[in-house]
Amino acid sequence: MQYTGDRVAFSLFGIDVYWYAIIIVSGMILALYLVSKEMERRKMNPDDAYDIGLWILPFGVVGARIWYVIFEWHRYDSFLDMINIRDGGLAIQGGIIAGLIVGLILARKKGFWFPRLSDIVMPGLALAQGIGRWGNFINNEAHGVPTDLPWGVIIDGVSYHPTFLYESLGDILLFILLFLYSRKWLKRDGQVTCLYFVGYGILRFFVEGLRTDSLMFGNFRVAQVLAVSGLVVGLVGYIILSGKPANADIPGKNPYDNKESLSS
């Protein structure tokens, strides 16, 4: 498996548009569509998905960049270099953290119950991650250690573990599981979110162990530390929520703040 094509898809008014950006944006758009359809299924306003996305997505990119720069600051000579994302350097876990913070603020502002809103978003997030990882293939980056396996990705004549592929397939599988769980087995708001952190934590921990470009904090791979932390928090949260009674099927508002919605 090898990509030897151009990273540039086309130029617009003298500005190169990269395949990496097209792939990531495509994943985001599909995720927003799925979120809007899930909101509609839950008797919520589907247009809210796009309003929320207009805030979460840009801040997610900013968070992903900040997280990368924090651990790779020695690479940059100026502030302009730090904000130039066209040269690469995004860390998805930083984007997730920023997205959760912005989502929490928006949920409070719009009157949504955050655990429910988060449950609606997480399956789409997993799918967007699975799609976005193919941008790494186009850029010949985020690969693992050398391997003799027949499915290795060839870069400069050397075969490496295609860690982008491992994570992409894992993310898509996680999307399917979360989607099915939200439709068939969900009993308490927040369970889907907890399962996302459990599933992605397991996936990222093992994939990160194969990568050669990990962000480091001392002798620790930052992504693995966050993966384990998310796994523990998600598992504990799921166990706690599973011991509570199933919540009422309400149209998305906070059941503790809006008592009238319980009867709707």
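Residues numbered from 1 in each chain as written. Predicted model: local features only at pLDDT ≥ 70, side-chain atom pairs only at ≥ 80, totals over all residues. Heavy atoms only, no water.

### Concerning the overall build of the chain
Within the chain one finds 9 helices and 6 strands. The C-alpha atoms of the chain give a radius of gyration of 20 Å, which matches the 18 Å a tight globule of 264 residues would have. Principal-axis analysis of the C-alpha atoms gives the chain an extent of 65 × 45 × 35 Å. Put simply, the chain has 264 residues, and 42% of those count as buried. Here the analysis covers contacts within the chain between residues at least 6 apart in sequence; of these, 66% occur between residues at least 24 apart. Approximately 14,600 Å² of the chain is accessible, and the part contributed by carbon and sulfur atoms is 67%. (Helix = DSSP H or I, 4+ residues; strand = E, 2+ residues; numbered from the N terminus. Rg over C-alpha atoms; globule rule 2.2 N^0.38 Å. Buried < 20%, exposed > 50% of the residue type's maximum accessible area, 1.4 Å probe, protein only. Contact = heavy atoms within 4.5 Å. Areas by Shrake-Rupley, 256 points an atom, 1.4 Å probe, with all protein chains shown as cover.)

### Regarding a nonpolar patch on the surface
A cluster of nonpolar side chains, namely I202, F205, F206, V228, V232, V236 and I240, defines an oily patch on the protein surface of about 620 Å² accessible area. At the level of elements, α8 (191–208) and α9 (222–242) are the ones that each hand at least two residues to the nonpolar patch. For the nonpolar patch, the leading source of residues is α9, giving 4 residues. Along the chain, F205 turns up in helix α8. (Patch = residues over 30% accessible without salt bridge, like charges linked within 9 Å, V, L, I, M, F, W, Y side chains within 5 Å. Salt bridge = Lys/Arg side-chain N within 4 Å of Asp/Glu carboxyl O.)

### Remarks on the pairing of strand β1 (residues 8–12)
Pairing analysis gives 4 bridges linking β1 to strand β2 (residues 15–18), with the strands arranged antiparallel. Pairing of F10 across the sheet is with V17, part of β2. (Pairing = 2+ DSSP bridges.)

### Overview of the pattern of salt bridges
By the definition in use, this model includes 11 salt bridges. The residue R75 makes a salt bridge to E72 at a minimum N-O spacing of 2.8 Å. Via salt bridges that share partners, R133, E167, R204, E208, R211 and D213 belong to a single interconnected network.

### Focus on the packing of aromatic side chains
Under the defined criterion, the tally for this structure stands at 12 aromatic pairs. Judged by centre distance (5.4 Å) and plane angle (80°), the ring pair of Y196 and F197 falls under edge-to-face. Ring plane angle 85° and centroid distance 5.5 Å describe the contact between F205 and F206, whose orientation is recorded as edge-to-face. Owing to a relative accessible area of 59%, F206 belongs among the exposed residues under this scheme. Among the aromatic residues, those joined into a cluster by ring pairs are Y3, W134, F137 and F164. (Phe/Tyr/Trp six-rings, centres within 6.5 Å; stacked < 30°, edge-to-face > 60°.)

### A look at the confidence of the model for the chain
Taken residue by residue, the chain gives an average pLDDT of 89. The fraction at 70 or more is 94%. Looking across the chain, the model is least confident in helix α3 (residues 79–83), with a mean pLDDT of 86, and most confident in α8, with 97. Low pLDDT (under 50) marks residues 253–264, which in the prediction has 18 contacts with non-local residues, meaning those over four places away or in another chain. (pLDDT = per-residue confidence, 0-100.)

### What about the environment of H74?
Looking at the secondary structure, you find H74 in the loop between α2 (47–71) and α3. The exposed category is assigned to H74, whose relative accessible area is 53%.

### Brief notes about the packing of helix α5 (residues 114–132) against α8
α8 packs onto α5 with a crossing angle of 35° between their chain directions and a minimal axis gap of 7 Å. Between α5 and α8, the contacting residues are P115, S118, D119, M122, P123, L125, A126 and Q129 on the first element and Q191, V192, T193, Y196, F197 and Y200 on the second. When grouped by side-chain class, the residues that make up the contact of α5 with α8 number 9 nonpolar, 4 polar and 1 charged. (Axes fitted to C-alpha atoms, helices over the stretch in contact; angles between N-to-C directions. Nonpolar A, V, L, I, M, F, W, Y, C, P; charged D, E, K, R; others polar.)

### Regarding helix α1 (residues 19–41)
Taking 1.5 Å per residue, 23 residues should reach 33 Å; α1 reaches 33 Å between its end C-alpha atoms and fits that length. Turning to α1, the residues buried within the fold contact α2, α5, α6 (134–139) and α7 (163–184). In the segment just after α1, K43 is the residue with positive phi, at about 65°. (Expected span 1.5 Å × (residues − 1).)

### With respect to the side chain of R204
Along the polypeptide, R204 turns up in helix α8. Given a relative accessible area of 6%, R204 falls into the buried group. Excluding residues that lie within four positions of it along the chain, R204 makes contacts with I92, Q93, R133, E167, R211, A223 and A227.

### What about the side chain of Q93?
Checked against the element boundaries, Q93 lands in helix α4 (residues 92–110). Given a relative accessible area of 9%, Q93 falls into the buried group. For Q93, the side chain forms a polar contact with the main-chain oxygen of A223, separated by 3.2 Å. Setting aside residues no more than four positions away along its own chain, Q93 makes contact with Y200, R204, V222, A223, L226 and A227. (Polar contact = N/O pair within 3.5 Å; in protein donor to acceptor, adjacent residues only side chain to side chain.)

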